[in-house]
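# Breakdown of the fold
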Amino acid sequence: MRNLITQIMKFGVVGAIAFVIDYGVMVLLAEVFSIPPVASATVSFIVSVVFNYLASMKYVFSHKSDMSRKREFAIFIALSVAGLLINDAIMWAGTEIASIDYRIVKIAATAIVMVWNFITRKIFLDGGDAGGDAQKQ
């Protein structure tokens, strides 16, 4: 249980930094370049995924020794695409249907996608820390 709590805390730190990147790029695109909120959120999400992959696989999750890096990255991208779809659906519904400010909707979308990311990455990508089966990278 202690290892899980530590892992969740590391995930939170990485997620907080990724959120700053995601939110900052989204606001920059929307406010400075007048890109619509859903498009801005899509681009910013993709930018933050690159950071998130590198940091998550280095500091949060252990590499599965029986999984190639190419497969690991492909799974990470597939899970991230699903997260992007969730993000964009929430952004669209919140801004277009509910007429809520995009900056507020983004916070809610991020919270929901964060839960999705942790659970799915834990299931599909984490090698755990059991007896040498996983190597921290």
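Here the structure is a predicted model, which is why all the values come from computation and not from measurement. (Residues numbered from 1 in each chain as written. Predicted model: local features only at pLDDT ≥ 70, side-chain atom pairs only at ≥ 80, totals over all residues. Heavy atoms only, no water.)

## Here's the deal with the packing of aromatic side chains
This model, assessed by the stated rule, comprises 6 aromatic pairs. Aromatic side chains Tyr53 and Phe73 sit 4.9 Å apart centroid to centroid with 80° between the ring planes, which places their arrangement in the edge-to-face category. Of the two residues, Tyr53 sits in helix H2 (residues 37-60) while Phe73 sits in helix H3 (residues 69-97), which places them 20 residues apart along the sequence. What makes Tyr53 buried here is its relative accessible area of 14%. Where Phe61 meets Phe118, the ring centres are 6.0 Å apart and the plane angle is 40°; that geometry is what we call tilted. Of this pair, Phe61 sits in the loop between H2 and strand S1 (63-64) while Phe118 sits in helix H4 (residues 102-124), placing them 57 residues apart in sequence. Overall, the relative accessible area of 0% leaves Phe61 in the buried class. Judged by relative accessible area, which is 13%, Phe118 ranks as buried. Cluster of aromatic residues (ring-pair linked, three or more members): Phe11, Phe61 and Phe118. (Phe/Tyr/Trp six-rings, centres within 6.5 Å; stacked < 30°, edge-to-face > 60°. Helix = DSSP H or I, 4+ residues; strand = E, 2+ residues; numbered from the N terminus. Buried < 20%, exposed > 50% of the residue type's maximum accessible area, 1.4 Å probe, protein only.)

## A word on the environment of Ile17
Locating Ile17 in the fold gives a position in helix H1 (residues 2-32). For Ile17, a relative accessible area of 41% corresponds to the partly exposed category. As for Ile17 and Trp116, which are separated by 99 residues in sequence, their C-alpha atoms are 17 Å apart.

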